[in-house]
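Results of the structural survey
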Amino acid sequence: MFVQSTLAPQKPVVEVTQTLPWVEKYRPQKIDELAHQEEIVNALQTSLSSGSLPHLLFYGPPGTGKTSAILAIAKQMFGPDLYKSRVLELNASDDRGINVVREKIKKFAQVAVTKYQNAQCPNFKIIILDEADSLTSDAQSALRRVIEKYTKVTRFCLICNYISKIIDPLASRCAKFRFKPISEEAHLNRLKYICEQERINCTNDAFSLLIQVSEGDLRKSITALQSTSKLHGDWISDQMVLDVAAVIPADVINQIYQSLQGTFEEVQQLSADLILEGFQPDSIIFQLFDFLLSRQEISDIKKAKIVEVLAEVDYGLVAGGNESLLILKALSSIQEILNN
Amino acid sequence: MASKLWVDKYRPLTVDQLDYHSTLSAILERLSTSGDLPHLLFYGPSGAGKKTRVLALLNGVFGAGVNKVKCEVRNFKAGTVNVEISILQSNYHIDMTPSDVAHRDKIVVQQIIKEIGSSKNPDQRFFKVVILNQADYLTDEAQAALRRTLEKYTATTRVILICNSLCRVIAPLRSRCLSIRVPAPSADDMRKVLRKIASSENLELPMSLENKLINASNRNIRRAIMMMQTVYIQNSRLNPDASVPIPEWEKYLKEIATNVLDEQTPKSLKIVRGKLYEVLASCIPPTTVFNTLCKELVTRSDAAIKTVVVRHAADYELQMKSGSKPIVHLEAFLARFMSVYKQHSNRMNY
Ligand SMILES: Nc1ncnc2c1ncn2[C@@H]1O[C@H](COP(=O)(O)OP(=O)(O)OP(=O)(O)O)[C@@H](O)[C@H]1O
Ligand SMILES: [Mg+2]
C-alpha cells in the first residue's frame, strides 16, 4: 500500500528545485562555466583529460567559485553514478575535532575503488575539506600525516578564505590556486546570462550598480539580483538595487561633508543620526575616505592628516571599539583638520 | 486588568500592520508573498523594530502559526561538552540567541541547523527558519562554521541573522545573506505610533508630553512606548506635566560629570572613583558609561577642547576592550579630562 511517507520524499524533489535560490541554481556544473578564473580552469581541464590530479588548495575571497570549482570537476571526473562513492565532502569545522575527521577519512579511503569500464575515470577518490581555515593548527598537523598515508588512493582538496591560517607544511603539499575577485566584465556576462535564462529585464545602470556594490563577489550580486527582481516583477532598475545594497547613498556622504564645515554640535548630531540610521561605520569610513581624497579644495597635507585619522578609526572598529564614539572621533577630528 | 505591556499589546503582527519604513515594508511584502526567502541579515540600532519586522515577514510566509511559540530548554552535546540553551520554537521556526552560551555557540548553531534540515514542516512548505539574534556577538568560529552549513542546507533551512553592527559579521557570511537595513524610526514615525496607541487606549496624549517622550527616547520606539506607559501608570492619565522618568544611573553619571567639572584634583578623582564603582556594580555596561560621560562632558565644556575630549573617550574605550578592568580605563579617561580641562582654563585665564 502506498502510505504517505513513501510519497512525501518524492514530491519535494520537484518543488525544491523550483524554490532553489539562484546562487545554487546557477552554480557552475562544469568547470568551463566558471567565470574569470581562466588559469584555474585551464589547469583543471588538463587534469580532467589526463585523469591525474594533485592535492589542491583553493583560497580567495567569498563568492569567487572555489566550492563550485571542486564540485564541478568532481562531477565531471566521476559522473553521477560514481560520485557518491568517490567524493567525500567534509566541513572542516562541522565535525568535532580531527579524530572524527580522521576516522571518516579512514573509512572512506579504505573501501577499494572498483575498476570502472570507463577508461577516462581515474582510480582515486576525492576528499573535499571546505572551510579548512577553521581547523586548529594541531588538527592541520595531524591532517598532514593523514594525507601522506592515503596519498595513493585519494586526492585532497582544501578550501579556505584565509590562506594565512593554513600551516605551511600542509600548504606545501598542495597545488595552490588563488581565486580572484570577479572582474567587472566577467561579472556582467554572468549576470546577463542569468537574466536571459530567467527572462527578466535589467537596466545597464542597475547592472553596473550591482557589480559595484558586490565588490567582486558573484554570490552577493546574484542574491541581490534575485531579490530585486522578485521584489519588482521583471524590471530591475538601479534605485531598487540600492534599496537592498549596504552602501551609503551619495547624498548622505554629501551631507556629512556639509556638516564637516559647520559646528561641533552639527557633527555630533549627525554622527548620532548616522548610527541610528543603521549605516555601517566601516562603510562610512571607507566611502568618506574616497570622497575626501577626491576633493580638489583640500590640500595634500590636510588629506594626509585625514587619512591618519581614518586609519586609526578603522583599526578601532575592527578591534571592537564603540562605534558611536569612533565615528564621532573621526568626524570631529576631520572637522578640526579642515578648519585649521 | 490592563496589566499587559503596551509594547507587546500593540506589536504589529503582519507586514501590512508595520507602521513606518514603508519602502522597507514593501520589500518585506514582496519577499513574503514570493514564497521563497534568501538567507537574510537584518541590521540596525536597537529598538528600531528589527525583530518585529522579521516576525511579520515570517507571518506572511507561514501564516499565523508562527505566533504559536513555546519556550524550551535544549541540550546539545559535543563530545564531553554539554551545552544548555533556551529557545523559542513554533512549527515553522526556531528563535535563539547563541551568544547566550558564549564560546560554545558553534556547537549550538551547527546542531540546530542540521536538526532543522532533517525535520519536516507540517504543511507543504519545504524550509524552516532559524532566527539567530545578536549575530554580531557570535564567535569567529561559529561564524566560520556557518559558511558551508548555510549552503548545504539551503533546500530545507533559511537562516535569519539579526544584529546591530554589520562589521562584526565576517565577509563570507555576509556574502551568503541578503542584507536589510532597518533604521531607527524618525521623530514623526514615533509620533504616529505613540498617538495610535494613546487613542486605542482612549487616552489624550498632550503635545508637550509627546515631545518629551520623543526627545528622551533617542529614537528607540520600545523605550518611548514603555515610558509612556510608565507615565500612565503613575498618573492614571497622560499628564502633560509628568516628568519623563530618567533612569537613576543616568542621573548619577550627570553628577559625576558635575564633580569633574567643578574640581580637577586627586581628591575629586577619588570621590568620582567611588561613584564609578557603584555605577558599574549595578551592571551598567562600561561602554554606555563612556558614551554618557563623554556626551555630558563635551556639552558642558568649551568648544576648543570638545574634539580632544571625544578623541580621548574613544581611545580609552578602545583600550578598555582589550583590558580586563573597565574601572581603570574609565578613571584614566576622567583623569585625562581633568588635565585637559584645567590646562585649557588656565590658558583662558591669562
Ligand atoms: N567564478 C564563478 N563563475 C560562476 N559563478 C560563480 C563563480 N563564483 C561564484 N559563483 C556563483 O556564486 C555562488 C557561490 O560560489 P562558490 O560557492 O563557489 O563560492 P566560494 O568561492 O566557495 O565562496 P566562499 O569562500 O564564501 O565559500 C555559486 O553558486 C555561483 O552561483
Ligand atoms: Mg565555498
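Keep in mind it's a predicted model, so treat the numbers as computed, not measured.

1. Describing the domain arrangement of chain A
Residue and element names in this part refer to chain A. Assigned domains within chain A: domain 1 (16-178), domain 2 (184-245) and domain 3 (250-339). Every contact between the two is made by 12 residues of domain 1 and, on the other side, 16 residues of domain 2. Both sides together, the interface formed by domain 1 and domain 2 hides about 1200 Å², and carbon and sulfur atoms give 59% of it. When the buried surface of domain 1 facing domain 2 is broken down by residue, W22, V23 and Y26 rank first, second and third, together holding 58% of it. Between the two partners, domain 1 and domain 2, sit 2 salt bridges. In this structure, R190 engages E33 in a salt bridge whose closest nitrogen and oxygen atoms are separated by 3.9 Å. Linking domain 1 to domain 2 there are 5 residue pairs in polar contact (both at pLDDT 80 or more). Class assignment of the residues belonging to the side of domain 1 that touches domain 2 gives a composition of 7 nonpolar, 3 polar and 2 charged.

2. Section: the site of ligand 1
Taken together, the neighbourhood of ligand 1 is formed by 21 residues, with A:V23, A:K66, A:T67, A:S68 and B:R176 sitting nearest. Residues within reach of ligand 1 are spread across chains A and B. Between ligand 1 and A:S68 there is a distance of 2.5 Å, counted from an oxygen atom to a side-chain nitrogen or oxygen. In the environment of ligand 1, an oxygen atom lies 2.7 Å from a nitrogen or oxygen atom belonging to the side chain of B:R176. Compared with its free state, where it exposes 630 Å², ligand 1 has 99% of that area covered by protein. For the shell around ligand 1, the residue count by class is 9 nonpolar, 6 polar and 6 charged.

3. Digging into the packing of aromatic side chains
Taken as a whole and judged by the stated rule, the model has 10 aromatic pairs over all chains. With centroids separated by 6.4 Å and ring planes inclined at 85°, the aromatic side chains of A:F78 and A:F124 adopt a geometry described as edge-to-face. One end of the pair, A:F78, is in helix α5 (residues 66-86); the other, A:F124, is in the loop between α6 (97-110) and β3 (125-130), with 46 residues separating them in the sequence. Of the two residues examined, A:F78 and A:F124, each falls in the buried class. Of the aromatic side chains, those joined through ring pairs into one cluster are A:F58, A:F177 and A:F179. In this structure, A:K165 packs its charged tip against the face of A:Y162, placed 4.8 Å from the ring centre. Over the ring of B:Y20 we find B:R53; its NZ or CZ atom is 4.6 Å from the centre of that ring.

4. Some thoughts on the pattern of salt bridges
According to the stated counting rule, one finds 32 salt bridges over all chains in the structure shown. As a salt-bridge pair, B:K51 and B:D95 come within 3.0 Å of each other at their nearest N and O atoms. In this pair, B:K51 is assigned in helix α3 (residues 50-62) and B:D95 in strand β4 (residues 93-96), connecting sequence segments 44 residues apart. Notably, a salt bridge pairs B:E255 with B:K275, separated by 3.1 Å at the nearest N-O pair. On the criterion of sequence distance, the pair formed by B:E255 in helix α10 (residues 248-262) and B:K275 in helix α11 (residues 266-281) is long-range, its members being 20 residues apart. Overall, B:E255 belongs to the partly exposed group, its relative accessible area being 38%. Connected through shared salt-bridge partners, A:E24, A:R27, A:E89, A:D130, A:R219, B:R148, B:E151 and B:R176 make up one network.

About the cut-offs
Residues numbered from 1 in each chain as written. Chains lettered and ligands numbered in written order. Predicted model: local features only at pLDDT ≥ 70, side-chain atom pairs only at ≥ 80, totals over all residues. Heavy atoms only, no water. Domains from an automatic or database assignment. Contact = heavy atoms within 4.5 Å. Buried area = accessible area lost by both parts, 1.4 Å probe. Salt bridge = Lys/Arg side-chain N within 4 Å of Asp/Glu carboxyl O. Polar contact = N/O pair within 3.5 Å; in protein donor to acceptor, adjacent residues only side chain to side chain. Nonpolar A, V, L, I, M, F, W, Y, C, P; charged D, E, K, R; others polar. Near = heavy atom within 4 Å. Areas by Shrake-Rupley, 256 points an atom, 1.4 Å probe, with all protein chains shown as cover. Phe/Tyr/Trp six-rings, centres within 6.5 Å; stacked < 30°, edge-to-face > 60°. Helix = DSSP H or I, 4+ residues; strand = E, 2+ residues; numbered from the N terminus. Buried < 20%, exposed > 50% of the residue type's maximum accessible area, 1.4 Å probe, protein only. Lys NZ or Arg CZ within 6 Å of the ring centre and 35° of its normal.

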